[in-house]
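Residue-level listing of the chains:
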Amino acid sequence: MKSEECKIPKTLGELYIVATPIGNLEDITLRAIRILQEVDIIAAEDTRHTLKLLNHLEITKPMISYHRHNEEVKTDELIQKLLEGKNIALVSDAGTPIISDPGGEVVKVALESGIKVEPIPGPCAAITALIASGIDAKEFTFLGFLPLNKKNRKEKLRQIEKQETTTILYEAPHKLMQTLEELSKITQNRKIVLARELTKIHEEYQTGTAQELKNRIQEPKGEYVIIIEKNEKSEEQEQKEELNNKTLEEHYRYYEQKGLDKKEIIKQIAKDRNVNKNQIYQKFI
Ligand code: SAM
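Residues numbered from 1 in each chain as written. Predicted model: local features only at pLDDT ≥ 70, side-chain atom pairs only at ≥ 80, totals over all residues. Heavy atoms only, no water.

Draft legend 1. Spatial organisation of the packing of helix α4 (residues 71-83) against helix α5 (residues 104-112). The contact between α4 and α5 brings their axes to 9 Å, and the two run at 40°. Judged on the interaxial angle alone, α5 and α4 are oblique. In the crossing of α4 with α5, the sense of the turn from one axis to the other is right-handed. For the pair α4 and α5, contact is made by E71, T75, L78 and I79 and by G104, E105, V106, V109 and A110, respectively. Taken together, the residues of the contact of α4 with α5 sort by class into five nonpolar, two polar and two charged. (Axes fitted to C-alpha atoms, helices over the stretch in contact; angles between N-to-C directions. Helix = DSSP H or I, 4+ residues; strand = E, 2+ residues; numbered from the N terminus. Parallel < 35°, antiparallel > 145°, perpendicular 65-115°, else oblique. Left-handed = near helix turned anticlockwise from the far one by under 90°. Contact = heavy atoms within 4.5 Å. Nonpolar A, V, L, I, M, F, W, Y, C, P; charged D, E, K, R; others polar.)

Take a look at the structure:
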């Protein structure tokens, strides 16, 4: 047997994406603990931070730092180790890796390289906040942190203004007041819940409109998730959408049955469809 052949491992390693606590150290699954015990290497966003968790769990393991600023280089290193047959657990500082955290790149390349990627589910601040917020959880949109770039931020705020599902945001304490100020201009009376320090000693939920919360909060401290109630469409908007989905003839007949004359009907249809009334007029001559 040639010496190169001896180096080829029988199996590739596996990449485990392991969720860790977002505060309370009891919030870690039995499976997550077993995987952290069994893998060869732990790839951690901040090795000092993860060391505290590992000490608590009495686990000693080699660690590789994997964070936003070295993601590209470290992806190559991790993939190489996986190809050599090493099993790796990827963790972030808190919660579910990849969700507003690094890790997406290594998962992508691992899958492209035929490496098995296994999720080990557990805490995620967004979901934890949502389930006790009292805000509709049937449909929601997670936007992570609002962008810092002015133009992109404006676009996201516009999206939130119209959003017809619950919105979930992450926010840092020093930016909370600015974000509430911006939200107060677009969310009016919509309910907002601030979920602070989840699973920790000072966990609290504060509810109100953006303006009320802004007036109430003196000094934001700790970690925050912002849950924003959906934008309920007004009856008028709903009716308009329904009419616009009809054919022009059906739309016409609707107003005709209401007793409007031809001129009024054309004006109304043009208004509903946000087009020039001459355009509608042309269709009916
Ligand atoms: N990957 C993490 C997860 O699964 O939730 C999120 C990481 S992101 C870098 C950190 C943000 O998550 C914080 O700024 C805060 O908005 C939110 N967060 C994390 N832990 C939290 C907690 N215990 N209470 C409230 N928000 C928290």
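Draft legend 2. The arrangement of the site of the ligand in detail. As a matter of local geometry, the ligand sits amid 19 residues, with I99, D101, A125, Y170 and Y224 nearest to it. With respect to the ligand, the backbone of I22 contributes an N or O atom lying 2.9 Å from a nitrogen atom. Y224 places a polar main-chain atom, nitrogen or oxygen, 2.6 Å from an oxygen atom of the ligand. Protein chains shield 91% of the accessible area of the ligand, which is 570 Å² for the free molecule. When residues of the shell around the ligand are traced back to their parent elements, those giving at least two are β7 (166-171) and β10 (224-228). (Near = heavy atom within 4 Å. Polar contact = N/O pair within 3.5 Å; in protein donor to acceptor, adjacent residues only side chain to side chain. Areas by Shrake-Rupley, 256 points an atom, 1.4 Å probe, with all protein chains shown as cover.)

Draft legend 3. Structural detail: a positive patch on the surface. A grouping of K240, K263, K267, K271 and K277 is seen on the molecular surface, where their side chains present a positively charged patch. Counting residues per element, the positive patch draws most heavily on helix α12 (residues 262-273), which supplies three residues. Here K277 shows up in helix α13 (residues 277-284). (Patch = residues over 30% accessible without salt bridge, like charges linked within 9 Å, V, L, I, M, F, W, Y side chains within 5 Å. Salt bridge = Lys/Arg side-chain N within 4 Å of Asp/Glu carboxyl O. Lys, Arg positive; Asp, Glu negative; His and termini not counted. Charge placed at Lys NZ, Arg CZ, Asp CG, Glu CD.)

Draft legend 4. Geometry of the pattern of salt bridges. Scanning the entire structure with this criterion turns up 14 salt bridges. E182 is paired through a salt bridge with R153; the nearest N and O atoms lie 2.7 Å apart. In this pair, E182 is assigned in helix α8 (residues 176-187) and R153 in helix α7 (residues 150-162), connecting sequence segments 29 residues apart. Here E182 matches R153 in class, with each residue buried. Of the charged contacts in the structure, one is a salt bridge between K214 and E181, with a shortest N-O distance of 2.9 Å. Of this pair, K214 sits in helix α9 (residues 210-216) while E181 sits in helix α8, and the two are 33 residues apart along the sequence. (Buried < 20%, exposed > 50% of the residue type's maximum accessible area, 1.4 Å probe, protein only.)

None of this, on its own, says anything about what the molecule does.
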